[in-house]
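Below are the chains, spelled out letter by letter.
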Amino acid sequence: MVKRTFTTRTPDKPGAFMRACKVIMEQGGNITRVSYKRGGLNLFIEVQATKAQLNAIEKGLSEISYIDYQPRVPIVLVMEVKISDTPGSLYPVLKIIDKYDVNISYLNSRAENREYQYFKIGMEVSNPTVSKKILDEVSEIYLLNVVQYNGNYDELDYTVEYIRLANTIQKLFSLEDSKIMEFMAECRNASALLKERGQDPTVIFDKILQLADFIAYHRDLNFKPRITTHQLTGETTLTVIEPPCGSNTYVLRNDDSLLFIDSGMGIFSDEMITELREMFPAFFSMEKTMLTTHADADHSGLLSVIDGACIKVSRRTADRLADMARPITDTDAYNYCYARLSRIITDFVAPDAKNIKVIGGDVPEDHDDFILLDKIKFGDIELEVYEGPGVRSKGETVVLSRNPKLLFTGDLYSNVKDVTPERAEFNQIAPFIPMDSEVDLKRLTDARSKLGAIMDSIGRDGMIVCGGQGNIKRL
């Protein structure tokens, strides 16, 4: 969503403003500011909407003769740059501006403390591509924000939007400057990739902001997961932790040993450790093993947090944990960019390589089956770990127990009909970007069919299915 100010000429008679409002309303625009003076170009209306809606509104206003010409209004951009309070620190910024032969129309500074200053630098935008390059290059060396911009250029709008998004994210989570600059770099890369593929970067930026707002609200005292415990055998229990967002965390307990399957988002690590200590008073001294169905940030958050745990994953999952730059699929740029940005939002940190044990032998690079990687003995239960076709993520696995009948599916299945109110809200306001490739959807259907065949081979009756989210489902 962007804003545009329409400078209009309205007739001096009753209902004139109403006609303008009707045009805006019919196209789905939201009026955010109005200024009116009698005579001449007398009605100034600021509207928030999509670019397509704004263009339709402009056309509608021109059709009723409210816009018959547009006086030239200078497009001004003012950036605020956080610069260390040391001699010569401003020079690299001025050098970038000078390289593009741009005049500075406004300059102001204030000392925040002895460590840094904020410089406001204003420029008139005559070439939006040049202004974009200035913002991109300055953001590579310093943290900055765009405090004023009244333009309407796609190329520049995307850059202004991600810079403002990054500053909002920093305020929500009190992130260090280096982390926000990393976020901006990811946004630059996402914008370039999506525009190259003819896709709209604002789709991802909007989703990331929704994700950030939701997570920020549900931290600390508002972190209220649904927790249930189920007796599986005489020796082993299963505890299900359903957070407001992120994957379920499943914890098997046998005596003084714990086995985790998936572990949610890293940003909730303090809240999760508090819950785990209440459930298992001897938590820190217990033996811990961790499995993760796939290397998405919302399934792997505690891998780097729980000390002393042995992490068992497939080879491709281990590779992705160390390098989240690998795309989720080769075809879905939206999912790739969303994953890269949410990695920072959810505070994902790759686990120490020395704690990772790769399971399974040689597995074909591309396959369409569920291949057995390993059998893991946990107390009186034996777990079989299968690598699937990699529809959602290369190296994704499912975990199966034949006695008792248990299946942990990761994101291949979620019980969306039985989720907590918080999770239901999250699924509505910030869903993950769906795959829209017919090939991917076919592969997902085929994978679920083959997983169903494995379930049939041991009998579905009495099986407990543990999905990526939602309550367990007893068949």
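The following refers to the structure shown.

### Side note on the overall build of the chain
Right, on to step 1. Counting its regular elements, the chain contains 12 helices and 20 strands.
Right, on to step 2. The dimensions of the chain, computed from C-alpha atoms along their principal axes, are 85 × 55 × 45 Å.
Right, on to step 3. In the chain, 57 side chains carry a positive charge and 69 a negative one; their mean positions are 4 Å apart.

### Considering the nonpolar core
Right, on to step 1. L77, M79, V93 and F183 are the most contacted members of the largest nonpolar core, which totals 80 residues.
Right, on to step 2. Among the elements that line this core, the one with the most residues is helix α5 (residues 154–173), at eight residues.
Right, on to step 3. In contact with M79, not counting residues within four places along its chain, are V93, I97, F119, K120, I121, M123, I134, L135, V138, L144, N145 and V146.
Right, on to step 4. L238, Y250, L291 and F408 belong to the second largest nonpolar core, which has 21 residues in total.

### Description of the sheet that holds strand β7 (residues 143–149)
Right, on to step 1. Spatial ordering of the open sheet is given by β5-β6-β4-β7, a layout of four strands whose pairing is antiparallel. Two strands close off the open sheet at either side, each with one partner strand: β5 (104–111) and β7. Recorded for the sheet is a direction-independent mean angle of 20° between the axes of neighbouring strands.
Right, on to step 2. Of the strand pairs in this sheet, strand β4 (residues 76–84) and β7 are connected by six bridges, and their pairing is antiparallel. Counted as the bridge partner of V81 is L144 from β7.

### Description of unusual backbone geometry
With the exception of glycine, the majority of residues adopt a negative phi angle, and the majority of peptide bonds are in the trans configuration.
Right, on to step 1. With an omega of 5°, the peptide bond running from N403 to P404 counts as cis.
Right, on to step 2. Within the element layout of this structure, P404 appears in the loop between β17 (397–401) and β18 (406–410).
Right, on to step 3. The phi dihedral of D255 falls on the positive side, at around 55°, and the residue is not glycine.
Right, on to step 4. For D255, the location among the structural elements is in the loop between β10 (249–254) and β11 (257–261).
Right, on to step 5. Given the relative accessible area of 57%, D255 is considered exposed.

The rules behind each value
- Residues numbered from 1 in each chain as written.
- Predicted model: local features only at pLDDT ≥ 70, side-chain atom pairs only at ≥ 80, totals over all residues.
- Heavy atoms only, no water.
- Helix = DSSP H or I, 4+ residues; strand = E, 2+ residues; numbered from the N terminus.
- Lys, Arg positive; Asp, Glu negative; His and termini not counted.
- Charge placed at Lys NZ, Arg CZ, Asp CG, Glu CD.
- Core = buried A, V, L, I, M, F, W, Y, C linked by side-chain atoms within 4.5 Å.
- Buried < 20%, exposed > 50% of the residue type's maximum accessible area, 1.4 Å probe, protein only.
- Contact = heavy atoms within 4.5 Å.
- Pairing = 2+ DSSP bridges.
- Axes fitted to C-alpha atoms, helices over the stretch in contact; angles between N-to-C directions.

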